[in-house]
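For reference, the chains in residue letters:
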Amino acid sequence: MNNRWKIRQKILEPRSGFNIKIISFKTDITNSNSSIINIMAYDKFTTLISLAVPLPIENIDTDQIIPARFLKAVERKGFGDNLFRDWRYDKSNQPIASFPLNQAKYSGKILVGGKNFGSGSSREHAAWAIYDYGFRCVVSSFFADIFQGNALNNGILPVVVSPEFLEKIFAAIEADNNTQFEVDLANQKFTILATGESTGFAINPYKKHCLTNGLDDIDYLVSIKDEIAAFEAK
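Below, the structure is looked at part by part.

What follows covers the pattern of salt bridges. Within the structure shown, the criterion is met by 5 salt bridges. Here aspartate 63 and arginine 123 are joined by a salt bridge, their closest N and O atoms 3.0 Å apart. In this pair, aspartate 63 is assigned in helix α1 (residues 62-65) and arginine 123 in the loop between β5 (110-113) and α3 (125-133), connecting sequence segments 60 residues apart. Aspartate 63 sits in the partly exposed class, given a relative accessible area of 34%. What makes arginine 123 buried here is its relative accessible area of 16%. Between arginine 69 and aspartate 86 there is a salt bridge whose closest N-O contact spans 2.6 Å. Placement of the pair is arginine 69 in the loop between α1 and α2 (85-88) and aspartate 86 in helix α2, with a sequence separation of 17 residues. Taking the relative accessible area as the measure of exposure, aspartate 86 reaches 36% and is therefore partly exposed.

What counts and how
- Residues numbered from 1 in each chain as written.
- Predicted model: local features only at pLDDT ≥ 70, side-chain atom pairs only at ≥ 80, totals over all residues.
- Heavy atoms only, no water.
- Salt bridge = Lys/Arg side-chain N within 4 Å of Asp/Glu carboxyl O.
- Helix = DSSP H or I, 4+ residues; strand = E, 2+ residues; numbered from the N terminus.
- Buried < 20%, exposed > 50% of the residue type's maximum accessible area, 1.4 Å probe, protein only.

Written out as C-alpha cells, the structure reads:
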C-alpha cells in the first residue's frame, strides 16, 4: 500500500441520532480537504426475487460457515470460496455430493438455514463469506445476535420467520427446487410465490435505510457529512 495512505480512527462523541462510537477510514494525508475513500460498497437491497438454497440444520455456527484456518486474510474478497468448507469438501478436497451447495439443482441468492443460525464465535468473516459467495438474504427462525448484526453491516438481510413458516419454506423447496421467493424489504415481507403465503419480518429502521441504499456505517456518515459539519460549527 502506498505510504501516503494511512488508517485514521475518529472517536465520535455520543449525539442524538448516532450509535457509532468508533469508525476507521482511509484518508489522503497529502490533501487536507480529501474526502473519505475506499469504502466497501454493497448492493442496494429493495426487492429480491430468487430461488433458495436449503440448509435444514440447526445450530450452524460461524466455525462451520468459515473455518478458523481461513481467517488470515484481511480483505473481504475470496471468502466465498471457503464458505462451509468442511461441509462442502472432504479431506481430499473433493466436493461432497450430498451437500446442498454442491448440488446443481439448488441456486439463488437466498440461503435458508435452521434455528440458531450463526452461533459460536463473533467472527465477521462469516458474513463476508456468505456475501462473497453471492447470498444476499439468509432466512432462519433465530439468529445469533452478533451474527445478525454482522450480516446487516455487510449487505446481508437476515430474515427471522416463525418455526412454522420456516418449515413451509423448506417444504416448498423440497416440492420444487425451482420455487421462487420474494423478499420485499420496503414492506418487510417474505413471500413463497408458489403458494402466495407470506410473513412479515422485523428490521432496525437505520439498518433498513442502509441496506436499501447500499450503505455501510461509514457510507452513512459520509451521506450526512453536511449535517455533521453544521453540528460541529455550533
